[in-house]
Each structure stands twice: as C-alpha cells, then as structure tokens.
Amino acid sequence: MAAAPRPGSEGADPALPLPAHIAGPPGRRRTPPERMPVYALVGNPNCGKTTLFNALTGLRQKVGNYPGVTVEKKVGETYSQHGHAMRVIDLPGAYSLAARSPDEAVTRDVLLGRRADTPQPDRIICVVDACNLERCLYFVHQILDLGRPVIVVLNMMDLTARAGLEVRPAELEEALGVPVISCAAVQGRGVVELRLAMSRRELPLARHSWTVPAPIAPVVAELQASLVAADGRPPLIARAEALLLLTDQDSVRVAGSTPLSAVTGAVLENWRRRWTGQGTDWSGTLIKARYEVIHGLCREVIRRTGDCGPSLADRADALLVNSGWGWLAFAAVMAVMFYAIFALAEYPMNLIDGVMADLADRVKDAMEPGDLQNLVTSGMIMFYAIFALAEYPMNLIDGVMADLADRVKDAMEPGDLQNLVTSGMIGGMGGVVIFLPQILILFLFVGLLESTGYMARAAALMDRPMSRVGLHGKSFIPLLGSYACAIPGIMATRTIENAKDRLVTILVAPLMSCSARLPVYLLMIATLLPGDAVPAATKAGLMFLMYALGTAGAFGFAWLFKRTFLRGDPPLMILELPPYQPPHFGEILRQMLERAWLFLKNAGTIILAISIVLWFLSTYPKHPDPAASPEVQIAHSFAGEAGRALEPLIQPLGFDWRIGIGLVTSFAAREVFVSSMGVIFGVEGAEGDTAPLRDALRAAQWPDGAPLFTPLVCLALMVYYVFAMQCMSTVAVVKRETNSWRWPLFQLAYLTGTAWVVTFLVYQSGRLLGF
Amino acid sequence: MSASPFPLIPLCQLPAGETGRILRLTGDEGFCQRIREMGCGEAALVTKLSGTTMSLCRVRGMRLALNHRAAIGILVEHLPLAPR
C-alpha cells in the first residue's frame, strides 16, 4: 500500500468542528471548483442509494427492496451546512465499473465523464451495505482508482448486529484515508453527518492503493499511455479504462459511446493474442488481486459476533423459492390481490359516495343556484379535486362531478353547450375516475411485494417456467412491474445484461395486463355479471383469467421470439436476494398517491381532450330532423361515418361501429374506452358506480334489435384488450429504449394482429357453441 | 491450481447446509467475470442453503439465487466442516 501524507483539518468549518471520524485524517486534498459541486451517489444495487438521495434532496424518487429499482440517473439539489447549493446525481446500482447492462453503463459513463448531458462528478459518495461489505468494497476499490475525492457511506449499520457482524467505521476510514460515515438511511440516521462531510471545502484523496499484479502491470501501463496519447483521456481515467479493458473481454462494451482509437485497439489486440497463446486468465487474475486486497481490509474492519448458521430468512427462502409451498404462496398472493380489487374497493367507493353526497349538499346550501357563476365555481371545485387534491385520491371526486352535472343543467339552457359539458366532459371523465380505488389497491399490492423483498423471491421462483421459454427469472421483475404499468416495466429491463433477452422482455411486457386495462375489465365484468347476486370471487376469477391469459401470451411469444429471430443460449441467472423487511407503508402510500395523481392528471388532460373531440365528432353534423333520437343523431355524425367505415373490419369480432370508435380512441390510453362509451351512449356524470353506463351498454342493440353487449361480446372485448397494444406512451418508450422505430412498429403490428385473431377465434367459437 | 483433497463437484450438487470452496468457474466468460466481481470467484467459500434446480447460497454475507445452468458451471470442493 502506498504511503500517504498525514492530515490537517483545514477543510473543516472552524465554527462547527466536525467529529473526528468525519473531519478525517488530513492527506492530499483537492479543492472543489467554484461552480456548484457535483456529487455522484454510487454503489451496488439495493444498498440504499435512492433512500439517501431522497433524504439529502427532499425529492421522492421511487425506492424498493429489490435490485434494479433505479435504472436512470436522477438529479437533485441539496445544501451544505453553510447554505451553498450542491448537485447530487443518483446513479443506477452497479457491481462493477465493467458494466454489463444498460443501467450499469449509465453509471460507468457518468463516472468516467463520457456523458455530454452530465458533468463528471467532482466528488463521489460510495454507498455500501455494511452487511455485505466485502462485495461492496470491490466497486469502491475501482472508484478509488479514478482519483476523485470519495466519501464512503456505511449504510444499513442498524442491521449488522442482526447479521452477527461488528463493522468498525473508524478502522475503515483509517485504512482507506477517506471519510467513512455510519448510516441507517431508512431511519434518517447519519444523513446530517454525511451532509457535514459533503460541506467540507476540501476532501482528502484516498491514500489506499493497490498493486496491479506484476505480469499485468506492463499491459496496464502501455494501454494507459495509448489512451492518454491517442484517445485524449486524462491519465487517471485512462488507467481505470485500461483496467476495465483487461477485466472485460468485450472492448466494444467497455468503450461504449467512445470507441477506442485504432492505436489503442491495436495495442489491446496485440496483448490479447499473447494471452491466448499463453492461456492466461487476465480478467480472473485482476479481479482476484482486488479481492485479496479487500479481504485484507475486511479482516481489519469486520468482526463476526454471531452464529453464521441458517437464519430464519434462509429457511423462509427455502420454502418460498425451492418448494411446492413457494408456488402455493405465489398463487395465494395473486388470488388475494385480485379478490381485494373487487371486495375491498367497495368500502372506499361507499365512503366516497357518503362524503360526496354530504359535500354536494353543503355546496348547494352555500351557493346561489342557477347562474353562470355557479357553473364556473363548480368547475373550479372539479378542477381542484382533480389537480390539487390528488394527495387524497379517493376524496370528493364522484360527488363533485355529480353535483357539477346537476349545476350545469340548472345553469345552462338545454343545448349543445350543456350537452358538451354533461355528456362530453363529465360523462367522459367521470366514467374513468370512478375506477381509482381499484387501481390504488393494485398499486398497494405491487408496493407490498416490492417493499418486503418478495419480488426477488418471485423472480427466483419463476426462473424455471421462464427458462422454458428462453428467459430467466430476472425478466420476471419487469414483467411483474408491468402489471402496474408497462412503462416502468419496460425501463426496468435495463437491468437485463443480455441484449436479446432484454429485447424479448420489452416486446412481451405490454401483454402483462396493466392498471389501465382495469377500467375496461371492470366495466365488461359489470356488464357481463351485473348485480350483487354474483359473488365477488366469481368476478375476481374472471379477471384473474384475463391476467393469466396475458401472462400466458407473454410467455408464448417470448418462446417464439427466442426460437426464431432472437435466438440465443439459454440464460444463466444469478440474482441477489435482498433481506426481508417489514413493508414501508409510508413509501407505499406515497407511491399510491403518485399513481393516483398521474391517473387523475391523465383524466383531466388526455381523457378530457379526447372526450371533447369525441363529443364533437358524435354531435356534428346535425341530423336534419331536430327531433331525431340520440341513436339516429350519432349514426349521422362524423363519428358514425368513421365507425361505419371501420365496422367491416371488426364485425367478425362481434363489435359494432360504436365499439370500433372506442377501440380507435383508446389507442391514446386504454381507459379512454370507458370514457368513449360514456360519451357515445350519452351517460351523464358519475353516480358513484358503473351502473348507468353498464345499463346503457346492456340496453344497446344492433339495428335488427339483437343485444350488442352479449356475454360473448363482453368476453371478446376483454380478450381484445388483453392482447392489443393500445397505448401511445408505451410505443414511445419502446422507441426510446430500443433506439429505433423498427421494434415499436413490429410490436404494434404483432400485438394488434394477435388481438384480432384471438378475439375472432373466441367470438366465432363461442357462436358455434351456441353462446 | 493445487489438487484438492476433497471431491470437486458442481455447486448444484453441494448438499443443502454444507459449505464448499469455489475452485473453478467454467462456461461463458462474461458470466464468469460477473460472478467473480460479485465475490463468487475462485477461493470464495459458499454455503448452500437449499435447492438443486435453483441453488440458494450464501457467499461473503450475501444471499444469492443461481439457476441450474449457472450453478453447474461453478465447481466447488466440498469442505467437511463449515469454517467459522
């Protein structure tokens, strides 16, 4: 280990002396530049970086108890103890600078200063899991090679005793020569000390060093010199890159967006030929050399205090991952979730009804009836409910809308404008917003799975069926996340190392039924199985069937793709299992509110806009006979014309032109189908349940008087939505993630085609069987 | 590499509750590099917790799940007694 100069404490604020272990041993120091200093938060996956980031910046980025929650950099600001602004970048977790997946590549590129959109960090905060110190220090060790000032945060110190470990921060600080902060980020402990350390004007550079194994040293030196001379890299970055080029055999992957010069490439190729001839494993030698140094460090820093026999968590894992009980538990979790969506949603919905009825009475008492001001005020209440009260998503929405519809009728003369507001705006939005409780329950369950650590166990459990279709269990985490929404699910594929496996997962992720399909399923189930006489378990079972169909479709297409144009070796999987934790209900609630806000925002923007456009298209041109029935008028309208043009394409599926309009408009977002039905069937306002729209659908007929929404058509419509790619946002995110229009267009074509074919088979088979 | 006095077996065949020392990694180079970087390289001690098709193990304090194809490429010597 290299000798190091010894300390001074000139970096600390004299008015506020720092604790000795934070003030640290003086050594070589680097003064940060005058601009706002940039800190990068780095570390292994699931070691608490984002929790710390949120604590420092006050932001609320998503956290979870499984590896791979953060897949893109997040930027926030915090303040030093003197009130100076500091920028903090939260980077995706990585096991090594030798990135093997797109999320790790983000971390590597930011740390090496390769990203044009991100300044190279001035200082690096390495977050390590104190219970897994030896493994975490490997990445820290690589980062120390970069020659930047580093602060090491020993997170999860509260869990070390339970793991039978005693970790000594002072010894680690002494060995590394950089500040080491003890922390329990979830409880907010250590954040103040970290902020104090970040506030120091100067930080010591690490005095820890290691010796590259002698046979490799000349290669590192030659590559470093070439990278400096021919590629223009700074010397320390060049050394780090040289070590990466020797660690990872794939130089294209290491170089990333900054391809190597011909000179450096030739140097590397020359050495590679020699290695092949000698049969030496340079990568293994380098990694082993680092671990030997780290092992020595850990012997000084860690003392084992407890038994290392099987723990309760080990026994739980054996049950949940490696036995038939695991499948039973998984099935039980899913069954409870789907049952809860039906059974539990009644309570918040009834509560909403009661609160809203009361509010509506109060508003009526407080306001003068029947004037335009009334309309404006009611509109403001609705706007407030949708946008400002998003923190309380189940509050006040339905009653405000019902009240609003009444007030509009009172305040306005019957006519187009009244019809626009009641049928177009309120009918359209209200029909969708009523499903918020069920969507929140879905997010509650997804949050519980993520928070407790069960998500990773489910992925391990699912590896076996996944491997039969050519994927491994790691792909299951993005797929499970897609039950909530395909967009974060698709982004979560960045943790998948193999490019083909990642692409297959992206292509099939939209088949997992997302929360936007819930309103469609719920409306169709309500139409198919009306009334309270049908038990909730039957309805839940039918919906579970739709989710199972989507999941089976995802597996089937993954199998097909992996055996055709995305053929590859069966994947190898290694997955770190996080510790079990009690759920963080505060975090789950926050995520639920965030989703509620997004849902309501969507209802107040996209769905509202489409509802207004659809109202226009279904109202004009006017039928020559002013007394024409609503059905005749809508058939005469632009929407009617367009629907009729579409009808030959969808009639074999059992759908008429009105359903066709819903299919077209819901390409923006699936839940728009419900609002479109509300507008087309002229259902006004929301009455706290789906009854008015359900009854309108049940009454709808074909021109020959036959019912339109038969049980078979309801089922066929649900099947169509299981497979169809009805989401513009998903198309956009797939384009971004694959960096090409080819794959989203392919995805759109194959999913829409499959939806048509499967729905056709379901409908025509049903008819042949006499349904 | 010195010859091991204990039988060399794939990790998936290590009995549950037993400890082994990783002696050799075989198969895909990229995978070998990654598991070495995660601390599962040669000389690391691994305790099998359960499973054969999905091996649950503890290595350097972390709990890992490896599928069969991954575990079969990790060759370990079965140590008779778990070192403390």
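Residues numbered from 1 in each chain as written. Chains lettered and ligands numbered in written order. Predicted model: local features only at pLDDT ≥ 70, side-chain atom pairs only at ≥ 80, totals over all residues.

### Here's the deal with the overall build of chain B
Each helix and strand in chain B was counted, giving two helices and six strands. When the helices and strands of chain B are listed from N to C terminus, the series reads β-β-α-β-β-β-α-β. In chain B, which comprises 84 residues, the share counted as buried stands at 52%. Of the contacts formed within chain B by residues at least 6 apart in sequence, a portion of 61% connects residues at least 24 apart. (Helix = DSSP H or I, 4+ residues; strand = E, 2+ residues; numbered from the N terminus. Buried ≥ 20, exposed ≤ 12 C-beta atoms within 10 Å, placed from the backbone. Contact = placed C-beta atoms within 7 Å.)

### Quick look at the packing of helix H4 (residues 133-144) of chain A against helix H1 (residues 29-40) of chain B
Two elements in contact, H4 of chain A and H1 of chain B, have axes separated by 8 Å at closest approach and are oriented at 120°. The angle between the axes of H4 of chain A and H1 of chain B places the two elements in the oblique class. Seen from H4 of chain A, the contacting residues are Glu134, Arg135 and Tyr138 of chain A; seen from H1 of chain B, they are Glu37, Met38 and Gly39 of chain B. Taken together, the residues of the contact of H4 of chain A with H1 of chain B break down into two nonpolar, one polar and three charged. (Axes fitted to C-alpha atoms, helices over the stretch in contact; angles between N-to-C directions. Parallel < 35°, antiparallel > 145°, perpendicular 65-115°, else oblique. Nonpolar A, V, L, I, M, F, W, Y, C, P; charged D, E, K, R; others polar.)

### So, the confidence of the model for chain A
It should be kept in mind that the predicted coordinates are not to be read in detail where pLDDT is low. Residues and elements named next belong to chain A. Per-residue pLDDT for chain A averages 80, and the proportion of residues at 70 or more is 83%. Ranking the elements of chain A by mean pLDDT puts helix H15 (residues 372-387) last with 34 and strand S6 (residues 150-155) first with 96. Long-range and interchain partners of residues 1-29, a stretch whose pLDDT sits below 50, account for 58 contacts in this model, where long-range means more than four residues apart. In the model, residues 367-395 has pLDDT below 50 throughout and makes 48 contacts with residues more than four positions away in sequence or in other chains. (pLDDT = per-residue confidence, 0-100.)

### Let's talk about the domain arrangement of chain A
All names here are of chain A. Examined at the domain level, chain A breaks down into domain 1 (20-204), domain 2 (217-279), domain 3 (316-343 + 439-570) and domain 4 (345-412). Its C-alpha centre places domain 1 at a distance of 34 Å from the equivalent point of domain 3. Taken together, the contact between domain 1 and domain 3 spans nine residues of the former and 13 residues of the latter. Its residues placed into classes, the side of domain 1 that touches domain 3 shows three nonpolar, four polar and two charged. (Domains from an automatic or database assignment.)

### Points about the sheet that holds strand S2 (residues 38-43) of chain A
All names here are of chain A. Strand order in this open sheet of six strands is S3-S4-S2-S5-S6-S8, and the pairing throughout is mixed. The open sheet has two free edges, formed respectively by strand S3 (74-79) and strand S8 (180-182), since each of these has just one partner strand. The average undirected angle you get between the axes of adjacent strands in this sheet is 25°. Along the sheet face, H4 touches S2, strand S5 (123-129) and S6 and points at about 165° away from the line of S5. (Pairing = 2+ DSSP bridges.)

### A word on the interface of chain A and chain B
Opposite the 38 residues of chain A that make contact, chain B presents 31 residues. Among the secondary structure elements, those contributing two or more residues to the side of chain A that touches chain B are H4, helix H11 (282-301), helix H12 (312-321), helix H19 (454-468) and strand S11 (574-576) of chain A. The element contributing the most residues to the side of chain A that touches chain B is H11 of chain A, with five residues. Its residues assigned to classes, the side of chain A that touches chain B comprises 18 nonpolar, 10 polar and 10 charged. For S11 of chain A and strand S5 (residues 62-67) of chain B, the ladder comprises three bridges, and the chain directions are antiparallel. When the sheet's bridge partners are listed, Leu575 of chain A is paired in S5 of chain B with Ala65 of chain B.

### A closer look at the pairing of S3 of chain A
Residues and elements named next belong to chain A. Here six bridges tie S3 to strand S4 (residues 85-90), and the two strands are oriented antiparallel to one another. Bridging from a neighbouring strand, Val75 pairs with Ile89 of S4. Hairpin remark: S3 followed by S4, antiparallel, with five residues in the connecting loop; positive phi at Gly83, about 85°.

### A word on the environment of Arg563 of chain A
Residue and element names in this part refer to chain A. Turning to its location among the elements, Arg563 is positioned in helix H24 (residues 536-563). Taking the C-beta count within 10 Å as the criterion, Arg563 has 12 such neighbours and is therefore assigned exposed. Separated by 416 residues in the primary sequence, Arg563 and Gly147 have C-alpha atoms spaced 47 Å apart.

### Thoughts on the nonpolar core
All names here are of chain A. Counting residues in each nonpolar core, the largest one holds 227 residues, and the members touching the most others are Leu41, Cys126, Val128, Val152 and Val153. Of all the elements, helix H31 (residues 711-723) adds the most residues to this core, at 11 residues. Sequence-distant contacts of Val128, defined by excluding residues within four places in its chain, comprise Gly43, Cys47, Leu133, Cys136, Leu137, Val140, Val152, Val153, Leu154 and Asn155. (Core = buried A, V, L, I, M, F, W, Y, C linked by C-beta atoms within 7 Å.)

### As for the sheet that holds S5 of chain B
Ordered in space as S11(A)-S5(B)-S4(B)-S3(B)-S2(B)-S6(B)-S1(B), the seven strands form an open sheet in which the pairing is antiparallel. Among the strands making up the open sheet, the edge pair consists of S11 of chain A together with strand S1 (8-10) of chain B. Along the sheet, successive strands turn relative to each other by an average axial angle of 40°, direction set aside. As defined by bridge partners, strand S3 (residues 45-50) of chain B adjoins strand S4 (residues 54-59) of chain B across four bridges and the pair is classed as antiparallel. Residue pairing across strands places Ser50 of chain B opposite Leu56 of chain B, the latter belonging to S4 of chain B. Of the strands in this sheet, S3, S4 and S5 of chain B touch H12 of chain A, which is tilted by about 55° from S3 of chain B. Across the sheet, H1 of chain B is in contact with S11 of chain A together with strand S2 (19-25), S3 and S4 of chain B; its angle to S2 of chain B comes to roughly 145°.

### Focus on helix H2 (residues 49-57) of chain A
All names here are of chain A. Counting buried positions along H2 yields nine of nine residues, so the element is predominantly enclosed. Of the positions making up H2, those classed as buried are Lys49, Thr50, Thr51, Leu52, Phe53, Asn54, Ala55, Leu56 and Thr57. Packed against the buried residues of H2 are S2, S3, S4, S5, S6 and helix H6 (191-199). The first or second residue beyond H2 is Gly58, which carries a positive phi of 80°.

### Description of the packing of helix H5 (residues 169-176) of chain A against H11 of chain A
Residue and element names in this part refer to chain A. One way to put it is that H5 packs onto H11 with a least axis distance of 8 Å and a crossing angle of 140°. Helix-helix and strand crossings are classified by hand; for H5 and H11 the assignment is right-handed. Side by side, H5 and H11 meet where Glu171, Leu172 and Ala175 of the first sit next to Leu297, Glu300 and Val301 of the second. Grouping the amino acids of the contact of H5 with H11 by side-chain chemistry returns four nonpolar, no polar and two charged. (Left-handed = near helix turned anticlockwise from the far one by under 90°.)

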